[in-house]
Amino acid sequence: MIEQELPRRWAKRVDRVAPFRVMEILTRAKQLESEGADIIHMEVGEPDFPTPKPIAEAAERALAAGKTHYTSALGLPELREKIADYYFSTYGVRVKRDQVVVTTGASGALLLAAALLVNPGDNLLMADPGYPCNRHFLQLVGGEAMMVPVDANNGYGLTPELLAKHWTPTSCGVLLASPANPTGGILSKQVLNDLGDVVRARQGWMIVDEIYHGLTYGSSVHTVLESCPDAIVINSFSKYFGMTGWRLGWMIVPEALVPGIEKLAQNYFISPPTVSQYAALAAFNPLAQQEMEERRLAFKARRDFLLPALRGLGFDIPHCPQGAFYLYANAQRFTENGYAFCYQLLEEAGVAVTPGIDFGCHRTQQMIRFAYTTSIDRLQIGVDRIEKFLSR
Ligand SMILES: Cc1ncc(COP(=O)(O)O)c(C=O)c1O
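Residues numbered from 1 in each chain as written. Predicted model: local features only at pLDDT ≥ 70, side-chain atom pairs only at ≥ 80, totals over all residues. Heavy atoms only, no water.

Re the domain arrangement of the chain
Point 1. Once the domains are mapped, the chain shows domain 1 (12-50 + 288-390) and domain 2 (54-285).
Point 2. Between domain 1 and domain 2, the C-alpha centre-to-centre distance is 25 Å.
Point 3. Each partner contributes to the interface: domain 1 provides 37 residues, whereas domain 2 provides 43 residues.
Point 4. Together, the buried faces of domain 1 and domain 2 total about 3,300 Å²; carbon and sulfur atoms form 57% of this surface.
Point 5. Here domain 1 is connected to domain 2 by one salt bridge.
Point 6. Where Arg 363 meets Asp 151, a salt bridge forms, and the shortest distance between an N and an O atom there is 3.0 Å.
Point 7. Inspection of the region where domain 1 meets domain 2 yields 21 residue pairs in polar contact (both at pLDDT 80 or more).
Point 8. Those elements that place two or more of their residues in the side of domain 1 that touches domain 2 are helix H1 (12-16), helix H11 (286-313), strand E9 (326-330) and strand E12 (367-371). (Domains from an automatic or database assignment. Contact = heavy atoms within 4.5 Å. Buried area = accessible area lost by both parts, 1.4 Å probe. Salt bridge = Lys/Arg side-chain N within 4 Å of Asp/Glu carboxyl O. Polar contact = N/O pair within 3.5 Å; in protein donor to acceptor, adjacent residues only side chain to side chain. Helix = DSSP H or I, 4+ residues; strand = E, 2+ residues; numbered from the N terminus.)

Focus: the site of the ligand
Point 1. Around the ligand, a shell composed of 13 residues is seen, among which Ala 106, Ser 107, Asp 209, Ser 236 and Lys 239 lie nearest.
Point 2. With respect to the ligand, the backbone of Ala 106 contributes an N or O atom lying 2.7 Å from an oxygen atom.
Point 3. Protein contacts shield 92% of the accessible area of the ligand, which totals 400 Å² for the unbound molecule.
Point 4. Considering each element in turn, the shell around the ligand owes the most residues, four residues, to helix H5 (residues 105-117).
Point 5. Residues belonging to the shell around the ligand are distributed by class as follows: five nonpolar, five polar and three charged. (Near = heavy atom within 4 Å. Areas by Shrake-Rupley, 256 points an atom, 1.4 Å probe, with all protein chains shown as cover. Nonpolar A, V, L, I, M, F, W, Y, C, P; charged D, E, K, R; others polar.)

Regarding the nonpolar core
Point 1. Among the nonpolar cores identified, the biggest contains 125 residues, and Phe 237 and Phe 370 are the most heavily contacted of them.
Point 2. Looking at which element gives the most residues to this core, the answer is H11, with nine residues.
Point 3. Counting residues domain by domain, this core receives three or more from each of domain 1 (12-50 + 288-390) and domain 2 (54-285).
Point 4. Leaving out residues up to four positions away in the same chain, Phe 237 has contacts with Leu 79, Ile 83, Gly 242, Met 243, Leu 248, Gly 249, Trp 250, Ala 280, Ala 283 and Phe 284. (Core = buried A, V, L, I, M, F, W, Y, C linked by side-chain atoms within 4.5 Å. Buried < 20%, exposed > 50% of the residue type's maximum accessible area, 1.4 Å probe, protein only.)

Here's what the structure looks like:
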């Protein structure tokens, strides 16, 4: 028998996926730490706070009771119920339990949405800059991201005019985030409504990632379901609920889509993580909610500290973010190459931040994202180090 050599190349799609640079920076930062360096972490988008105690205790109880088997692919009925109730108590919107699909993080929800709605060759419109992984979910199903440039002068938000202008015959919808990563921009109820009109007139899908809901500082935030009941909502326990590592999120979808999602979820995931679901049942109780409110206030205090401090150093931050936990800053006074700047800052000053090019192509070269996911004391040390670095 002639021995055939196995083709030792991975699939071509891997080459089309850009690296998630923030994770590269994090890896390097951890390496420096293991060599004894002290690093101020302003790169990674996850709350520094541990998961609220009532949630962790609920998980311990679930484990002790042996709740470690698969659940329904759509999630525990009682968790779906609690999520549906949350929409009524928070936004006054009635959502049926059957519209709620529990997922493996917002990431799982985004993947399911792409698989469910996007045919090969179709595109979804999205803001540039925006959350980088979105375009890769589309690539996986043979679709494409139609990146629409947005700027600080409209709060980095997609407008109905921009949406109409960039819509193509192969567009099948729009994927928005409010509050947005990396800009913290929030879309008003009116804008969500008007965007919904543009999408509906073209028989497209309106998908809104609301993962940073709950983390807003002054502006009121509206779920898209208030103005577009047929929209698809993506959300997660990762950010506001402080459960990044539990890998749990959800979607709200029109009931007609549920059988399709169920089929996909059964095949791709079997079920969302069981212990995490039992833990999340406690996420809506008053004690846990109180802890989350205290954290929201801590994030606001951090934003109010870091924004003027960075502006004082010469970073241009024209837009004061109203949500999430990021500042999207222009570093053009200091560099033409934000990516190189981030690495220098890490290596020479011990401050980890994320280069704007992670988030798209539109004027991202000199942009930097600062995450205020560490204490004010640590942020102060970071600011002092950046100041020293800039005056070297
Ligand atoms: C806008 C946005 N959507 C989705 C995700 C993925 O979140 P999850 O941890 O729920 O998968 C993130 C993570 O940073 C994000 O910023």
